[in-house]
Amino acid sequence: MKVLEYANFIAGPYCGKLLADLGAEVIKIEKPVVGDEARQYGPFPHDLPHPERSGLFLYLNTNKLSITLNTETATGAKILKELLKESDIFIEDNPPAVMERLGLDYASLEKVNPGIIMVSITPFGQSGPYRDYRGYAINCSALGGQSVCAGEPGREPLTPPLSLGHYQSGAAGAVAALAALFARELTGKGQQADISEAQVWATLHTGNQVSAYVMHGLKRMRWGHRTPGVYPYTILPCQDGYVSMIAIQGYQWKRFLELIGDGEVPDWYANDPRFKERREISLKYADEMDALLAPWLMSHTKEEIYSLCREKRIPFAPVKNIKEVVNDSHLEVREYFVEVEHPATGPLKYAGAPYKLSQTPWKVDNPAPLLGEHNEEVYCQRLGYSREELSQLRRGEII
Amino acid sequence: MNQYPLQGYRVINFGWVFAGPYIASMLGDLGAEVIKVETRSRLDSMRLSPDNLDREPDRDPWFHSGVRNQLSISIDMDQPQAIPVLKDLISISDVVVENFSPRVMIEHGLDYDSLAEKNPGIIMVSLPAAGQYGPLRDAQTYGPSLTGLAGVDSMVGYYGERALGLQQAYADVNSALHGAFAALAALYYRQRTGKGQYIDLAQLEAVISIAGEAIMEYVMNGRVLGTLGNRHPTMCPHNNYRCKGEDKWVSIAVKTEEEWKGFCQAMGNPPWTKEERFADRYSRLRKQEELDRLVSQWTINYTDYEVMEILQKFGVAAVPCLDTEGRFFDPHLQERQTYLEVEHPTTGVDWVANTTWRLSENPTEIRYRSPLLGEHNSYVFKELLGMPEEEIARLEAEKVIY
């Protein structure tokens, strides 16, 4: 499978990475001189910025080839189309108006290669009144309804940390790309997959809330460290951190009460009529219940609580920080983290496979490419440009 | 007639709350025939979600939205007689999805090896919390706890304050997306080789995979990120700001110097924007609390939509923070048919989430509304499997089909 990636930062590159790590050939087109924006983003070893040492870039671009190309020039756009003729999938993340201006919109590209599958990943999509609006991750989670779900009542909503929305839209793009490949086998024709990051939030993550709103007038808001509807559905402090406590089933909650009551549901719970209904507790007495659990929680560490809960089959879990995650023994047994050797950084531990496929394993054969590392391979060996033409293209600031 | 990308493929979904049903719905949205295996003896708690105020399994709003383009058969896999029926069904199918604890499918003789014996092309996707092996193999969790285990929840909270967590089934959706991709990749491989395969998707690992930069921050510099609030490493302003009205907020993000100039201009260039403490991005990042206060004093005079219109005209990223009702009525989400009206026998009309992706050649639709429990028993047991009526009646009487 041949993929052309004309995308920056996270969403498009993560889509490309998912394909590349399962064996697709992904050629990444980067802006001459500066390259992908993620090269400037970091983190950098010892906080020393360097375009070949950005952790974000290194992680997102494993197994890809890098070429530089100035697509704003007529020659650059022509070369891009040559590459497109040889490709199955074209991943891009530019504003729709920019693609139209460059003559790289789907209607134009379809004429170059009718089988091409164009995956367009943008904040708001290819249609609708906000199509041409500017948007970053925080704006997408705002429109998509994720932000109002996190934070404390009365205070500002919290956008998800890191760039979760970008990754989600990249993964959605990868699903759409393969779906379109299956469709192409039926029809012989390519198509454009339109992925809107805001819409990924609005459908997959918060869509069921709309059904509940229409059916019952319910509005999902933010309630700090808990979600009402059932108690417990909360994160509470313990001796050395926090524990995530969710029991949807009544028997799970009963097991926990028995655990803290040395085998029996404590009297203060059993004898209090206010605690009969867990929905009521969540709506009216949650603060009080948090306080009643606090003495037991504060006298145990999160690992102690986790191991007791696992023993009793109670689905509570510790809230780990990243250091604890990287050093987790379960993940070590599963060999989740992988060591990748890159010429500019030496060996480093990377987040690994999101899935283990028995026949077609995920693997990192090559580290992220250096900027333009594969210019000669792609332009000369694939497209047939001579070395001389290559240096002319370089002098003309095309590559 | 419309052709769907996964036309002709059949998926058997053993999944329940949420990851399993979600991946199955994604494959269903793409045109596969998805059959959900469930039973009255042990209801999928997605049919009795906290938002199901009627406590009626066929009237659950989460289920109506999240489990569509799926058919339902009611058969209790804890009854030994159910197993051969399920195996027959899997032998004429392409993909099996499940998200039980790892021991469950093995105990029922429905593990990959047993299924592949009868159907070597079968692709099985298992999405347990922590994977098929390893010390946490039997871990039981809900999605929100998984973002805790994966380190993400520790970063959700106001800057420097306590961890609040995402409070959302983020991990389930994330696993479903990765699982759907892996299933399609495996189908693609099977087309060329005839070989099926097994996919072990630890939801925990799929979450960590989308936190790549935080992992790198620790690996490279030993730095552990705490609660981040709405702060961004390079953008400022970058926050949700209070607007006119009750609990109304607008998200604003300013990245480039050009955007900062546009932002100042849009606000009418108030004198404070000229002050030295906000002169460049470095200074603004250092003084972001002061800056946020001043921005709020401006946004509070306008509605969230007014701020969006004013700022977007100057090329500044500003979008309202929409709540459930706000999303339902937003003109952009409406025009893109983000939510669809679907008839349902128990409620009349529902609004459910539309497919996430828009494919130009395969228009989205909900071919099958969310199924009633066991609604498709007759189609599956009689038509697909050709079971005699007496046999079906007997299994019903013995509460195997139940």
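Residues numbered from 1 in each chain as written. Chains lettered and ligands numbered in written order. Predicted model: local features only at pLDDT ≥ 70, side-chain atom pairs only at ≥ 80, totals over all residues.

## Here's the deal with the overall build of chain A
Which entries qualify depends on this criterion: For helices the rule is a DSSP run of H or I covering at least 4 residues; for strands it is a run of E covering at least 2, with both sets numbered from the N terminus onward. Counts of 20 or more other C-beta atoms within 10 Å of a residue's own C-beta define buried residues, counts of 12 or fewer define exposed ones, and intermediate counts define partly exposed ones; C-beta atoms are placed from the backbone. Contact definition: two residues whose C-beta atoms, as placed from backbone geometry, lie within 7 Å.
Of the regular secondary structure elements, chain A holds 19 helices and twelve strands. For chain A, the proportion of its 399 residues judged to be buried stands at 55%. Of the contacts formed within chain A by residues at least 6 apart in sequence, a portion of 68% connects residues at least 24 apart.

## As for the overall build of chain B
Of the regular secondary structure elements, chain B holds 17 helices and twelve strands. If you line up chain B on its principal axes, its C-alpha atoms span 85 × 50 × 40 Å. Split into buried and exposed, the 402 residues of chain B put 55% on the buried side. Long-range contacts, defined here as pairs at least 24 residues apart, represent 67% of the contacts in chain B between residues at least 6 apart.

## Structural notes on the confidence of the model for chain B
Filter applied, for reference: A residue's pLDDT is the predictor's confidence in that residue, given on a scale from 0 to 100.
Here chain B averages 96 in pLDDT, while 100% of its residues score no lower than 70. If you check the scores for this complex, the pTM reads 0.97 and the ipTM reads 0.97.

## Regarding the nonpolar core
Here is the rule: Nonpolar cores are built from buried Ala, Val, Leu, Ile, Met, Phe, Trp, Tyr and Cys residues. These are joined into a set through C-beta atoms within 7 Å.
Core analysis: the biggest nonpolar cluster contains 250 residues, and Val119(A), Val175(A) and Leu27(B) have the highest contact counts within it. Sorting elements by how many residues they give to this core places helix α8 (residues 164–187) of chain A first, with 14 residues.

## A few points about the interface of chain A and chain B
Spelled out, the test is: Classification convention: Asp, Glu, Lys, Arg as charged; Ala, Val, Leu, Ile, Met, Phe, Trp, Tyr, Cys, Pro as nonpolar; all other residues, Gly among them, as polar. If DSSP finds at least two bridges between two strands, the strands pair.
Counting residues at the interface gives 121 residues for chain A and 124 residues for chain B. Broken down by element, the side of chain A that touches chain B gets its largest block of residues, 16 residues, from α8(A). Here the residues of the side of chain A that touches chain B are counted per class, giving 71 nonpolar, 36 polar and 14 charged. Where strand β6 (residues 191–196) of chain A lies against strand β12 (residues 358–359) of chain B, two bridges are found, and the strand directions are antiparallel. Bridge pairing in β12(B) places Ala193(A) opposite Leu359(B).

## Here we look at the pairing of strand β6 (residues 197–200) of chain B
All names here are of chain B. With burial as the criterion, each face of β6 is covered, one bearing Gln 197 and Ile 199 and the other bearing Tyr 198 and Asp 200. Bridge count between strand β5 (residues 123–126) and β6: four bridges; the pairing is parallel. Opposite Ile 123, over in β6, you have Gln 197 as the bridge partner.

## Section: the sheet that holds strand β4 (residues 95–98) of chain B
Working definition: the strands of a sheet are paired by backbone hydrogen bonds and lie parallel or antiparallel to each other. Reading across from one edge, β12(A)-β6(B)-β5(B)-β4(B)-β1(B)-β2(B)-β3(B) is the order of the seven strands in this open sheet, with mixed pairing throughout. Whereas interior strands pair on both sides, the edge strands pair on one side only; in this sheet they are β12 (356–357) of chain A together with β3 (71–74) of chain B. Across three bridges, the pairing between strand β1 (residues 10–13) of chain B and β4(B) is parallel. For Asn13(B), the partnering residue across the bridge sits in β4(B) and is Val97(B).

## Focus on the domain arrangement of chain A
By a widespread convention, an interface's size corresponds to the accessible area lost as its parts come together. Convention followed: Where each domain begins and ends is defined by an automated method or by a domain database.
One can read the domain layout of chain A as domain 1 (2–204 + 335–395) and domain 2 (233–321). A straight line from the C-alpha centre of domain 1 of chain A to that of domain 2 of chain A covers 43 Å.

## Focus on the domain arrangement of chain B
Here the domain parsing of chain B yields domain 1 (10–141 + 170–208 + 336–397) and domain 2 (238–329). Each of domain 1 of chain B and domain 2 of chain B has a C-alpha centre, and the two are 44 Å apart.

## Considerations on unusual backbone geometry
Residue and element names in this part refer to chain A. At the junction of Gly 42 and Pro 43, the peptide bond is cis and its omega measures out at -5° in the coordinates. In this fold, Pro 43 is placed in the loop between α2 (38–41) and α3 (55–60). With an omega of 0°, the peptide bond between Tyr 231 and Pro 232 qualifies as cis.

## Details of the sheet that holds strand β8 (residues 249–253) of chain B
Residue and element names in this part refer to chain B. The test is simple: Angles run from 0 to 180 degrees between N-to-C directions of axes, and those axes are lines fitted to C-alpha atoms, restricted for helices to the stretch in contact.
With antiparallel pairing, three strands are arranged side by side in an open sheet as β7-β8-β9. Single-partner strands in this sheet number two, and they are β7 (238–242) and β9 (317–320). Adjacent strand axes in the sheet meet at a mean angle of 20°, parallel and antiparallel pairs treated alike. Sheet analysis places β7 next to β8, joined by five bridges and oriented antiparallel. The residue of β8 that forms the bridge with His 238 is Ala 253. Contacts from helix α12 (residues 288–299) reach β7 and β8 within the one sheet, and its direction differs from that of β7 by about 40°. Where helix α13 (residues 304–313) meets the sheet, it contacts β8 and β9, and its direction lies at approximately 160° from that of β9.

## Regarding helix α9 (residues 197–205) of chain A
Judged by how many residues are buried, α9(A) sits mostly within the fold: nine of nine residues are covered. Those residues of α9(A) that sit buried are Glu197(A), Ala198(A), Gln199(A), Val200(A), Trp201(A), Ala202(A), Thr203(A), Leu204(A) and His205(A).

## Digging into the packing of α8(A) against α9(A)
All names here are of chain A. Rules: An angle below 35 degrees is treated as roughly parallel, one above 145 as roughly antiparallel, one from 65 to 115 as roughly perpendicular, and anything else as oblique.
Contact pair α8 / α9: the axes reach a minimum separation of 9 Å and the direction vectors enclose 85°. By the angle between their directions, the pair α8 and α9 is classed as roughly perpendicular. Contact residues: Gly 165, His 166, Gln 168, Ser 169 and Ala 172 in α8; Glu 197, Val 200 and Trp 201 in α9.

## Comments concerning the pairing of strand β1 (residues 2–6) of chain A
All names here are of chain A. Of all the five residues making up β1, four are buried; the element is thus mostly covered by neighbouring parts of the structure. Looking at chain direction, β1 and strand β2 (residues 25–30) are connected through four bridges and run parallel. Bridging across to β2, Glu 5 finds its partner in Lys 28.

## Re the environment of Glu152(A)
Residue and element names in this part refer to chain A. Take Glu 152: it is sitting in the loop between α7 (137–143) and α8. C-alpha of Glu 152 to C-alpha of Asp 93: the two residues are 59 residues apart in sequence and 33 Å apart in space. For Glu 152, the residues in contact, after removing those within four places along its chain, are Arg 222 and Gly 224.

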